[in-house]
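The chain contents come next:
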Amino acid sequence: MIEDKKLCQLIEKLGVHFEQKEKIAPVAARIKSYIILNGKKGTTFEELVEKLCASKSTISTHLTHLQGSNKITYFTKIGDRKKYFILNPDSIIQNIDEMVSTWTHQRDLHSEVKEFKEEMNHDLEKIEKFDLDFHNDYVEFLNQTITSVLELRKKLINKNN
């Protein structure tokens, strides 16, 4: 297993996060975590087998899955037949797009509920009226969040071009 205790703990912590967020297998999550923490220099197949203490077939299966889902990619070096796996540079943009899509859906749903409650309020007695403050605040929060994250997305794209 990995010698550096701090690195090992962070791989585990990130791995659990990816398992839950992305619904991927534990080994795939640890592979992705290790690749992220190894940086731009890349990670070889042999290194993953050794550091994660998993069989070649297990590592191979999960690498294939991670590549197929565009979470990782690889490069080669002149004169070296090894593949060096790295995080797909577009994966951050993909994650941002997924978050914005989720938040947009939530915002639209809350707006629709708010509109319904506003219509209902016309026919209700004052004591029975819906309080719309939460919906107003939440929709505003989502609008600000979406705007901020789209600005970050724009900066990331400009930086990569």
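As shown above, the structure is provided for reference.
To start, this report covers the structure provided alongside it. Owing to the predicted nature of the structure, the values given are computational and were not obtained by experimental measurement. (Residues numbered from 1 in each chain as written. Predicted model: local features only at pLDDT ≥ 70, side-chain atom pairs only at ≥ 80, totals over all residues. Heavy atoms only, no water.)

Focus: the overall build of the protein chain
Within the protein chain one finds six helices and two strands. Secondary structure of the protein chain in N-to-C order comes out as α-α-α-α-β-β-α-α. Computed over its C-alpha atoms, the radius of gyration of the protein chain comes to 22 Å, more than 25% above the 15 Å expected for a compact globule of 161 residues. Projected onto its principal axes, the C-alpha positions of the protein chain cover 75 × 35 × 30 Å. For the protein chain, the residues scored as buried account for 31% of the 161 residues in total. (Helix = DSSP H or I, 4+ residues; strand = E, 2+ residues; numbered from the N terminus. Rg over C-alpha atoms; globule rule 2.2 N^0.38 Å. Buried < 20%, exposed > 50% of the residue type's maximum accessible area, 1.4 Å probe, protein only.)

A look at helix α3 (residues 45-52)
Of all the positions in α3, only E47, L48, V49, K51 and L52 are classed as buried. Looking at the buried side of α3, the elements it contacts are α2 (26-38) and α4 (56-68). (Contact = heavy atoms within 4.5 Å.)

Thoughts on the packing of α3 against α4
For the pair α3 and α4, the least separation of the axes is 10 Å and the interaxial angle reads 120 degrees. The pairing of α3 with α4 is recorded here as oblique in orientation. Crossing handedness for the pair α3 and α4: right-handed. Between α3, through F45, L48, V49 and L52, and α4, the contact on the second element is made entirely by K56, I59, S60 and L63. (Axes fitted to C-alpha atoms, helices over the stretch in contact; angles between N-to-C directions. Parallel < 35°, antiparallel > 145°, perpendicular 65-115°, else oblique. Left-handed = near helix turned anticlockwise from the far one by under 90°.)

Notes on the nonpolar core
Formed by 18 residues in total, the largest nonpolar core has its most connected members in I31, L48, I59 and L63. At the level of elements, α1 (5-22), α2, α3 and α4 are the ones that each hand at least two residues to this core. If one sorts the elements of this core by residue count, α2 sits on top with five residues. Look past the residues within four positions of L48 in its chain and what remains in contact with it is I31, Y34, T43, C53, I59 and L63. (Core = buried A, V, L, I, M, F, W, Y, C linked by side-chain atoms within 4.5 Å.)

Considering the packing of helix α5 (residues 91-121) against helix α6 (residues 133-160)
Geometry of a packed helix pair, given as the angle between the helix axes and the separation of the axes. It is the contact of α5 with α6, at a shortest axis distance of 9 Å, that shows an interaxial angle of 160 degrees. The angle between the axes of α5 and α6 places the two elements in the roughly antiparallel class. When the axes of α5 and α6 are compared, the crossing they make is left-handed. For the contact of α5 with α6, a count of residues per class yields 16 nonpolar, eight polar and five charged. (Nonpolar A, V, L, I, M, F, W, Y, C, P; charged D, E, K, R; others polar.)

Observations regarding the environment of Q20
With respect to the helices and strands, the residue Q20 is situated in helix α1. A relative accessible area of 53% places Q20 in the exposed class. Put simply, Q20 and D97 are 77 residues apart on the chain and 18 Å apart in space, counted from C-alpha to C-alpha.

Section: α5
With 31 residues, α5 should cover 45 Å at 1.5 Å per step; its first-to-last C-alpha distance of 45 Å lies within 8% of that length. Of all the residues in α5, the buried ones are S91, I93, I96, V100, W103, H110, K117 and N121. Those residues of α5 that are buried lie in contact with β2 (80-87) and α6. (Expected span 1.5 Å × (residues − 1).)

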